[in-house]
Amino acid sequence: MKKILTESQKKRYSRQILSPSIGEVGQEKLSKVRVLQIGAGGLGSPFALYIVAAGIKELTIIDNDTLSISNLQRQILYNEAQVGEGKAHAAKERLSNLNSEVEIKAYNDYLDENSIKKYIKDKDFIVDCSDNFETKFLVNKVAIEYNIKAVIAGIKDFFGQIITINPKKTACYECVFNQPDTFDSSEGPLPVIGVTPGILGTLEALEVIKTTLGLPNLENKLLIVNLLDLLFNTIDIVKSENCMCSK
Ligand SMILES: [Zn+2]
């Protein structure tokens, strides 16, 4: 039997249901989406807020960090009273208060090739909101291996980039960026103005929404954002025959 939105859902999401690109049918699609979010920091804050507000079914967040005062400049999920708390726990508290109709799961866990596999079952998307390349390549690899759509973004200072991956069909992160043999973890904190992850994390939520609805998205495209000069450039990218995603 066809699932129909409840009256409270129709009311809550009325403004986006009014969009000819969404409607009740689109909202029903969104209400079935399960997302795995990697990282709950600068990118993860706006991503989680917007994707939970939009009314997906379930959001699972993995983060092993503790909130510090220097995070608050950009990590808008949190407040001063939560400094010292685990971000996973603090994020769940905030997001459950925002939308109790969305199932929020949050785990304080370190992410690697083995641990990520615990969380991927039944997910429609993996969204990378991490702050390091090693995790981005891992998210890409797992997405390809388990055929889960992925959105990956990166930021530094006033600059950012974002890509959406539909495994087996579109170019992946490694088609665009060469994976180094080793990752340099000695690099200190990168400069960042809070608005940059604010915009890129918001775009990640937009990508999940538009990909779910079959609207134009960043598959086979890389969006490069320069907020200093306010330039948004989309470049076409091609799936590489030599990449692991073609094997
Ligand atoms: Zn590839």
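The following paragraphs examine the structure supplied in this document. Computed from a predicted structure; not experimentally measured.

Quick notes on the nonpolar core
Phase 1 of the analysis: Ala-48, Ile-51, Leu-59 and Ile-126 are the most contacted members of the largest nonpolar core, which totals 63 residues.
Phase 2 of the analysis: Excluding residues within four positions of it along the chain, Ala-48 makes contact with Gln-37, Ala-40, Leu-59, Ile-61, Leu-77, Ala-91 and Leu-95.

Comments concerning the sheet that holds strand 5 (residues 149-156)
Phase 1 of the analysis: Taken in spatial order, the eight strands of this open sheet run 3-2-1-4-5-6-7-8, and their pairing is mixed. Looking along the sheet, the strands with just one partner apiece sit at the ends: strand 3 (103-107) and strand 8 (231-236). With strand direction ignored, the average angle separating the axes of adjacent strands in the sheet is 15 degrees.
Phase 2 of the analysis: Inspection of the sheet shows strand 7 (residues 221-226) paired to strand 8 by six bridges, in the antiparallel sense. The partner of Leu-222 across the bridge, within strand 8, is Ile-235.
Phase 3 of the analysis: Relative to the sheet, helix 6 (residues 133-146) contacts strand 1 (34-38), strand 4 (125-128), strand 5 and strand 6 (159-165), its axis offset from that of strand 5 by approximately 170 degrees.

Side note on unusual backbone geometry
Generally, phi is negative for residues other than glycine and the peptide bonds are trans, each holding for most cases.
Phase 1 of the analysis: Phi angles above zero are rare outside glycine, and Asp-122 is one such case at about 65 degrees.
Phase 2 of the analysis: Note on placement: Asp-122 falls in the loop between strand 3 and strand 4.
Phase 3 of the analysis: The residue Asn-220 is not glycine, and still its phi comes out positive at about 60 degrees.
Phase 4 of the analysis: Inspection of the secondary structure puts Asn-220 in the loop between helix 8 (195-213) and strand 7.

Concerning the pairing of strand 1
Phase 1 of the analysis: When you tally the buried positions in strand 1, you get four out of five residues, the bulk of the element.
Phase 2 of the analysis: Taken together, the five bridges between strand 1 and strand 2 (residues 58-62) define a ladder with parallel strand orientation. When the bridges of strand 2 are listed, Gln-37 appears paired with Ile-61.
Phase 3 of the analysis: Handedness of the crossover joining strand 1 and strand 2 through helix 4 (residues 44-53): right-handed.
Phase 4 of the analysis: With four bridges connecting them, strand 1 and strand 4 associate as parallel partners. Among the inter-strand pairings, Val-35 is bridged to a residue of strand 4, identified as Phe-125.

What counts, and where the lines are drawn
Residues numbered from 1 in each chain as written. Predicted model: local features only at pLDDT ≥ 70, side-chain atom pairs only at ≥ 80, totals over all residues. Core = buried A, V, L, I, M, F, W, Y, C linked by C-beta atoms within 7 Å. Buried ≥ 20, exposed ≤ 12 C-beta atoms within 10 Å, placed from the backbone. Contact = placed C-beta atoms within 7 Å. Pairing = 2+ DSSP bridges. Helix = DSSP H or I, 4+ residues; strand = E, 2+ residues; numbered from the N terminus. Axes fitted to C-alpha atoms, helices over the stretch in contact; angles between N-to-C directions. Right-handed = clockwise from strand over helix to strand, strands pointing away.

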